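# Secondary and tertiary structure notes
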Amino acid sequence: MAQNIYDNPEFFTGYSQLARSVHGLEGAPEWPSIRALLPDLREKRVVDLGCGFGWFARWAREHGAACVLGLDVSENMIARAKASTNDDDIRYAIADLEKIELPEASFDFAYSSLALHYIEDFARLVRSVHRSLVPGACFIFSIEHPIYMAPTQPGWSVGNDGRRTWPVNRYAVEGPRRTDWFVKGVLKQHRTIGTTLNTLIDAGFLVRHVEEWAPTAEQLAAQPDLADEVERPMMLIVSAQR
Ligand SMILES: C[S@@+](CC[C@H](N)C(=O)[O-])C[C@H]1O[C@@H](n2cnc3c(N)ncnc32)[C@H](O)[C@@H]1O
């Protein structure tokens, strides 16, 4: 049974206040890097896995996508996405990515932003995404970088002064990890970079680009609070092609 933490009222209230929740794609510092990787979306049928508030779905349509299907397990997220969208060619649906079977050869582009590190059976989902894409289509996603993943035991990566130290402990031990983020014990799934990339390769994808995101000098000058992001990568961005 997938965790559905975004329907926890306390979590949802906290998440809703993040810059990326208030300002959308422009509030996400990794967006320029992702945007640079995107294919031409004109006339493309797009699926957004873990679409959240639907920011990308709307952007894709504004940039010519024929239609977008946004999927998310959270009723809160889907309700907000629907309320923020006035476009008959965007469809949002509540769906658990742990179980979903996407229709075969029905999308020209698959996208996912910061959702797949919640998925336990990543290999099953990647195979389904592969089947759902037409040959040559791209799958671009970001996940929480495994170096940033929570420690295996509470306190293991916390120094004497209570500040988090880096990198993550027991990197090679994959599986569930819990972290405190707005609420206690948010469940994420730790996988090494090797496992993530090999899972794509095993499913038949060609890995095109891998980015351990860090802010640019311009971003750092404009937003000094991004300084921690230079110490260790928080996000991994991958572009793959069927
Ligand atoms: C950090 S939010 C990102 C939302 C959006 N993609 C964005 O970048 O603004 C992660 C999203 O993944 C969704 N999610 C987590 N586990 C999921 C699952 N098993 N099935 C579908 N969606 C899931 C959450 O409900 C949440 O909306």
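This one's a predicted model, so the numbers in the text were calculated from it and none came from an experiment. (Residues numbered from 1 in each chain as written. Predicted model: local features only at pLDDT ≥ 70, side-chain atom pairs only at ≥ 80, totals over all residues. Heavy atoms only, no water.)

## A look at the packing of aromatic side chains
Operational definition: To pair, rings of Phe, Tyr and Trp, with the six-membered ring standing in for Trp, must have centres within 6.5 Å; the planes then decide the type, stacked if under 30 degrees apart, edge-to-face if over 60, and tilted in the middle. Think of it this way: any DSSP run of H or I at least four residues long counts as a helix, any run of E at least two long counts as a strand, and we number them from the N terminus. Under the scheme applied here, a residue whose accessible area is under 20% of the maximum for its type counts as buried, over 50% as exposed, and between as partly exposed, the area being computed with a 1.4 Å probe on protein chains only. Working rule: Lys NZ or Arg CZ, within 6 Å of ring centre, within 35 degrees of ring normal, means a charge sits over the ring.
Using the criterion set out here, one finds 19 aromatic pairs in the structure. Between Tyr 6 and Tyr 118, the aromatic rings sit 5.8 Å apart at their centres with planes inclined by 90 degrees, giving edge-to-face as the arrangement. One end of the pair, Tyr 6, is in the segment before helix H1 (9–16); the other, Tyr 118, is in the loop between strand E4 (107–113) and helix H6 (122–132), and 112 residues separate them in sequence. Exposure class is identical for Tyr 6 and Tyr 118. Each is buried. Three or more aromatic residues joined by ring pairs form one cluster here, namely Tyr 6, Phe 11, Phe 12, Tyr 15, Phe 53, Tyr 118, Trp 181 and Phe 182. Cation over ring: Arg 58 sits above Trp 55, and NZ or CZ is 5.0 Å from the ring centre.

## A word on the state of the cysteines
Note the cut-off: Two cysteine sulfurs form a disulfide in these notes if their separation is within 2.5 Å.
Summed over all chains, the structure comprises 0 disulfides. Cysteine Cys 67 remains unbridged, with the sulfur of Cys 51 as its closest cysteine sulfur at 14 Å. We note that Cys 138 lacks a disulfide partner, and the nearest cysteine sulfur, in Cys 67, lies 17 Å from it. Given a relative accessible area of 15%, Cys 138 falls into the buried group.

## What to know about the site of the ligand
Just so we agree on the cut-off: Residues are classed as near a molecule or strand on a simple rule: at least one heavy atom within 4 Å of it. Identification of polar contacts relies on pairs of N or O atoms within 3.5 Å, with a donor-acceptor requirement for protein atoms, meaning one able to donate a hydrogen and the other able to accept it, and with residues adjacent in sequence counted only if both atoms are side-chain atoms. For accessible areas, the Shrake-Rupley method is used with a probe of radius 1.4 Å. Any residue's cover is judged against the shown protein chains and nothing else. Asp, Glu, Lys and Arg are counted as charged, while Ala, Val, Leu, Ile, Met, Phe, Trp, Tyr, Cys and Pro are counted as nonpolar; the rest, among them Gly, fall into the polar class.
Near the ligand you find 18 residues, and of these Tyr 6, Gly 50, Asp 72, Leu 97 and Ser 113 are the closest. Backbone polar atom of Gly 50 to a nitrogen atom of the ligand: 2.6 Å apart, as the coordinates give it. Separating a nitrogen atom of the ligand from a backbone N or O atom of Leu 97 is a distance of 2.9 Å. Alone, the ligand offers 590 Å² of accessible surface; in the complex the protein occludes 94% of this. Split by residue class, the shell around the ligand holds 12 nonpolar, 4 polar and 2 charged.

## Some thoughts on the sheet that holds strand E5 (residues 133–144)
The condition that has to hold: Only strands joined by at least two bridges in the DSSP assignment are considered to pair. Fitted lines through C-alpha atoms serve as axes, helices being fitted only where they are in contact, and the angles separating the N-to-C directions of these axes extend from 0 to 180 degrees. Only heavy atoms matter for contacts: two residues are in contact if any of them lie within 4.5 Å across the pair.
One open sheet accounts for 7 strands, arranged E3-E2-E1-E4-E5-E9-E8; its pairing is mixed. Only two strands of the sheet have a single neighbouring strand rather than two, namely strand E3 (90–94) and strand E8 (206–212). For this sheet, the mean inter-axis angle between neighbouring strands, taken without regard to orientation, is 15 degrees. As defined by bridge partners, strand E2 (residues 67–72) adjoins E3 across 5 bridges and the pair is classed as parallel. Residue Val 68 lies in a different strand from E3, and its bridge partner there is Ile 90. The strands that helix H4 (residues 55–62) touches are strand E1 (45–49), E2, E3 and E4; relative to E3, the one it contacts most, it runs at about 160 degrees.

## Topic: the packing of H1 against helix H5 (residues 75–83)
Note the following rule: Orientation categories follow fixed angle ranges, with anything under 35 degrees roughly parallel, anything over 145 roughly antiparallel, 65 to 115 roughly perpendicular, and all other angles oblique.
Their axes nearest at 11 Å, the elements H1 and H5 cross at an angle of 40 degrees. One way to sum up the angle between H1 and H5 is to call them oblique. On H5, the residues that touch Phe 12, Tyr 15 and Ser 16 of H1 are Asn 76, Met 77 and Arg 80. Considered class by class, the residues forming the contact of H1 with H5 number 3 nonpolar, 2 polar and 1 charged.

## Quick notes on the pairing of E5
For E5, the buried fraction is high: 9 of the 12 residues fall into the buried class. The sheet contact formed by E5 and strand E9 (residues 235–241) spans 7 bridges and is antiparallel. Residue pairing across strands places Phe 139 opposite Ala 240, the latter belonging to E9.

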